[in-house]
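Descriptive analysis of the structure
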Amino acid sequence: MSNSKRFLPRLRRYMDEGDRRQHRLGTLLYALSGVMCGIGLAIMMPATMALQSGDPQWGLTFWGWAVALAAVTVVGSTASFFGTKLSYAAGLGFMRNMQVVIGNKVSRLPLGWFKADSAGRLSRMVTQEMISTGQAAALYVGQLIKNAAAAIVFCAAVWLWSWQIGIMLTLSIPILFLLLRVSQACVGKGNGLEDSAERDIAARIVEFARCQGALRACRAGADYEELESSFVEGRKRSIRGLWWSALGEILSGTSVQMLVVSMIIAVSYLGASGSIGALETVVMIGVALRFTTLLNEIASALFGMEDRRAMLDGMDEVVEAAELPVVGESRARPTDASVRMGEVRFSYMKEKPILRGVDLDVPEGSMVAIVGPSGCGKTTMLKLIARFYDVDDGAVRIGGVDVRDMTTEDLFARVSFVFQDVYLFNDTLRNNVLMANPDASEEQLRAVADLAGVTEVVERLPEGWETLCGEGGRSLSGGERQRVSIARALLKQAPIVLLDEATSALDAENEKNVVRSIETLKRRSTLIVVAHKLETVRMADKIVVMDSSGKVAETGTHNELIALEGEYKDFWDKRNASSQWQLV
Ligand SMILES: Nc1ncnc2c1ncn2[C@@H]1O[C@H](COP(=O)(O)OP(=O)(O)OP(=O)(O)O)[C@@H](O)[C@H]1O
C-alpha cells in the first residue's frame, strides 16, 4: 500500500471515520462548486448573445440567463464555502490523528528500530511535514477536484456553441492531462533529488557538530571532509533537482499556454470565417482566458500533492515498520533469574550474519563477562536478551521462558540494562534516577547515588538533585550520564542486569564507581557484562569469549581460559600490555 501512487486513499488512511466522511462530503461539495463554475462559464455565451440580440437564446432572455448565472454563482460559492470548511476540518483531523497514530506506533516499535536520527526524523514528521500534508488534504485535493470538474463541464458546454472547438478541447484535454502527469513526475523527481541532498547535508552537519571533540583532537575542527563532500554532492544533486523541477514547470506552463493559444486561434479563425459573430468571438476569447486559470490551478494542486508524496512515504514507512509480535499475557512465569541463549542466530541485514549459533548459559545470581573483538556482536547479544530484536533462529530464555512468550511489562520488570548510549530526560537529576523506581525512599535513592558516584555530581552542581539534565542529558558529561544510568539499574533492583561497559576511557574516579556498582549488582542480580576492563573481567564467575565470526570461541573461568592459551590468553595479554602504557 505504501508504494501506491494514489494520493487520496493514502491520505484518508490516516483520518478517522468521521474525518473521512467530512473529507468525502467536502470533496463532493468542491466538485459541485466546480460544476457550477463550469456552468457559469458556459452561460456567458447565451447570456451575451441574448443581450446583444434582445431575443431569447436557448429559450431564455438575457434576464433569464442573468438569474441563472446568479443562482449558479450562489450555489457554487455556498458549496465552495462548506467544502472548504469540511475539508479544513478533515485536514485538522488528519493532523490530530497522525500524531496519535505515530505516537502509538512509536510505543510499539522494537527498541532496535530507534537510531541516532530517529528523534529528529519523528519530530519533523509530527510537526512541519504533518502540517504540510494536512494542508494537502484540506486544500489541494478540493482545488484539484473543483477545477477539474469546472474544466470538464466547460468542455462539454463548448460543444453546444461550436462543435469545432468542442472537438479541439475534447481531444486536447486528455493530452494536456498526460503532459501534466509527465510534468508532475519531473517535479517529483526534482523534489526527490533536492530532499535527499538536504537530508544528507543535515545528517553530516549533525555529525560534524557531534564529533567536534574527535575532530579537534585530530586538528580538523573546521575541515571535515565528509561535510565538504556532502556540500559538493548536495549542490550537484540540488542543481539536477532544480533542472527536473524547472523542466516540469516549463512543460506544464507551456502545455497550458499552448492549449489556450490554440483555442484563441481557433475561435479567431471561426470569427474571421463568419462561422461565429464578432461578439461571440470576443466572449469566447475571454472565457478561454478564464479557462487558463482553471488549468493553472489544476497544475498547482497536482504539484502541491507531489511535494507531499515523499512526506507521506516517510509516514507510511514508520506506520508500516514491523513490530515485534507481542503476547497479551505471558505464557509462563520464569522459574528463576537465569538467562539462556540456545543456538541463537541473528543478523541485522540478511547478507551479513552477526551471531551464528551462539549458546550462553547464565545461572541465577552469577556474573558472566562477554569479551571479544570489536564488532563481533557482544552488545547485540545483550540487545537480544532485552528483546530489542527477535532472534532469527534459536531462543533466548529467562527462567526457562522464551522472551517472545513474555509481555513487555513482565520482561522489563525482570531485566534492567545499562547501555553505552545513555538517554536522560529533560527533567531533574532526582527524577531521572527515580524513574527506575518511583516508590523508592530517600535513603534508597541516596544509597544508590553514593554507590554509582551520582552523589559527587549532585554536590558539584549548584542546584543539586534539582538540576535539569537537558534534552537527552546534554548538561551532563558522558561519564556522569553513565553514573545516572547505573544508579537507575541499582535502584530498579531487577533480578537480571545487562551492562555494556563503556569502551571509551573512563577517568579513574568513574572506573572506581563502575567497579563498586558491579560488585553490588553482582551480589543481588544475575549480571551479564560486555566487558572491556580487565578488572571487570576478573570479577566474573564465567567468561564467554566471542570470535570475529559471531561464534563462541571459549567459555570458562579466568584461570581455565588462561591455561587454554587460546583467544582469551591473547586478549588478556594484549589488554594487560596496553594497561601498562604510561605517558612519559
Ligand atoms: N542497528 C544496526 N543495524 C545494522 N548493523 C548493526 C546495528 N547495530 C550493530 N550493527 C553491526 O553489527 C555488528 C555487531 O555489533 P555490536 O555492537 O554487537 O558489536 P560489539 O561486539 O558490541 O562491538 P564493540 O565491542 O565495538 O562495542 C557490527 O558490525 C555493527 O556494525
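These figures come from a predicted structure and were not determined experimentally. (Residues numbered from 1 in each chain as written. Predicted model: local features only at pLDDT ≥ 70, side-chain atom pairs only at ≥ 80, totals over all residues. Heavy atoms only, no water.)

Here's the deal with the overall build of the protein
When helices and strands are counted, the protein shows 18 helices and 10 strands. Counting only C-alpha atoms, the protein reaches 115 × 50 × 50 Å along its principal axes. Buried residues in the protein amount to 47% of all 584 residues. Taking all contacts inside the protein whose residues are at least 6 apart in sequence as the whole, residues at least 24 apart take part in 75%. Surface summary for the protein: the accessible area is close to 29100 Å², and the carbon and sulfur share equals 58%. (Helix = DSSP H or I, 4+ residues; strand = E, 2+ residues; numbered from the N terminus. Buried < 20%, exposed > 50% of the residue type's maximum accessible area, 1.4 Å probe, protein only. Contact = heavy atoms within 4.5 Å. Areas by Shrake-Rupley, 256 points an atom, 1.4 Å probe, with all protein chains shown as cover.)

A look at the nonpolar core
Counting 59 residues, the largest nonpolar core has F94, F154, L169, F291 and M315 as the members making the most contacts within it. Contributions of two or more residues to this core are made by α1 (7–12), α2 (17–53), α3 (62–108), α4 (118–161), α5 (163–210), α7 (225–272) and α8 (278–319). At 17 residues, α8 tops the list of elements feeding residues into this core. By size, the runner-up hydrophobic cluster in this structure holds 45 residues, among which are L434, A440, A449 and L490. (Core = buried A, V, L, I, M, F, W, Y, C linked by side-chain atoms within 4.5 Å.)

Observations regarding the environment of F412
Looking at where F412 falls in the secondary structure, it is placed in helix α10 (residues 408–414). Sequence-wise, F412 and N147 are 265 residues apart; in three dimensions their C-alpha atoms are separated by 56 Å. Setting aside residues up to four positions removed in sequence, F412 forms contacts with L111, A386, F417 and K492.

Here's the deal with the site of the ligand
Around the ligand, the surrounding shell holds 14 residues, and the nearest of these are S374, G375, K378, T379 and T380. Here an oxygen atom of the ligand and a backbone polar atom of C376 are 3.1 Å apart. Protein coverage of the free-state accessible area of the ligand, which is 640 Å², stands at 68%. Mapped onto the shell around the ligand, the elements with two or more residues apiece are β2 (352–362) and α9 (378–385). (Near = heavy atom within 4 Å. Polar contact = N/O pair within 3.5 Å; in protein donor to acceptor, adjacent residues only side chain to side chain.)

Quick word on the sheet that holds strand β5 (residues 401–402)
The four strands lie next to each other as β2-β1-β4-β5, forming an open sheet whose pairing is antiparallel. Of all the strands in the sheet, the pair left with one neighbour each is β2 and β5. In terms of strand pairing, strand β4 (residues 393–398) meets β5 through two bridges, oriented antiparallel. By the bridge assignment, R397 is partnered in β5 with D402. (Pairing = 2+ DSSP bridges.)

Some words on the UniProt feature "transmembrane region" (unreviewed entry) in the protein
In the numbering used here, UniProt assigns the feature "transmembrane region" (unreviewed entry) to residues 28–50, 62–88, 137–159 and 165–182. Each end of residues 137–159 is marked by a C-alpha atom, and these two atoms are 34 Å apart; helix forms 100% of the span and strand 0%. Summarising residues 165–182: 100% helix, 0% strand, and an end-to-end C-alpha distance of 25 Å. (UniProt positions renumbered as here; feature names shortened; annotations may be inferred.)

A closer look at the packing of α7 against α8
Across the interface, α7 lies against α8 with an axial gap of 10 Å and an inter-helix angle of 165°. Taken together, α7 and α8 sit at an angle that is classed as roughly antiparallel. For α7 against α8, the interelement crossing comes out right-handed. Contacts between α7 and α8 pair G248, E249, S252, V256, Q257, L259, V260, M263, I264, V267, S268 and G271 from the former with T281, M284, I285, A288, L289, F291, T292, L295, N296, A299 and F303 from the latter. Taken together, the residues that form the contact of α7 with α8 break down as 14 nonpolar, eight polar and one charged. (Axes fitted to C-alpha atoms, helices over the stretch in contact; angles between N-to-C directions. Parallel < 35°, antiparallel > 145°, perpendicular 65-115°, else oblique. Left-handed = near helix turned anticlockwise from the far one by under 90°. Nonpolar A, V, L, I, M, F, W, Y, C, P; charged D, E, K, R; others polar.)

Section: α9
A large share of α9 lies buried, amounting to six of its eight residues. For α9, the full list of buried residues reads K378, T380, M381, L382, L384 and I385. After α9 finishes, the residue R387 shows a positive phi value of roughly 55°.

As for the packing of α2 against α8
Two quantities define a packed helix pair, namely the angle between the helix axes and the distance between the axes. Interaxial distance between α2 and α8 falls to 10 Å at its minimum, and their mutual angle equals 165°. Between α2 and α8, the interaxial angle falls into the category roughly antiparallel. Every pair of crossing elements has a handedness; the one defined by α2 and α8 is right-handed. Note on element contacts: α8 touches α2 through L279, E280, V283, M284, V287, R290 and L294, opposite C37, L41, M44, M45, T48, M49 and Q52. Across the contact of α2 with α8, the residue classes break down as 10 nonpolar, two polar and two charged.

A closer look at the pairing of β4
Pairing geometry for strand β1 (residues 339–349) and β4, over five bridges, is antiparallel. Across the sheet, V339 pairs through a bridge with I398, a residue of β4. Linking two consecutive strands that pair antiparallel, namely β4 and β5, is a turn of two residues; a positive phi of about 55° is found at G399 within it.

Let's talk about the sheet that holds strand β9 (residues 542–546)
Strand order in this open sheet of six strands is β6-β7-β8-β3-β9-β10, and the pairing throughout is mixed. The outermost strands of the open sheet, each flanked by one partner alone, are β6 (415–418) and β10 (552–556). Each neighbouring strand pair of the sheet contributes to a mean axis angle of 15°, computed without reference to strand direction. Pairing geometry for β9 and β10, over four bridges, is antiparallel. Bridging from a neighbouring strand, I543 pairs with G556 of β10. Its contacts with the sheet place helix α14 (residues 478–492) against β6 and β7 (496–500), and it is angled at close to 165° to β6.

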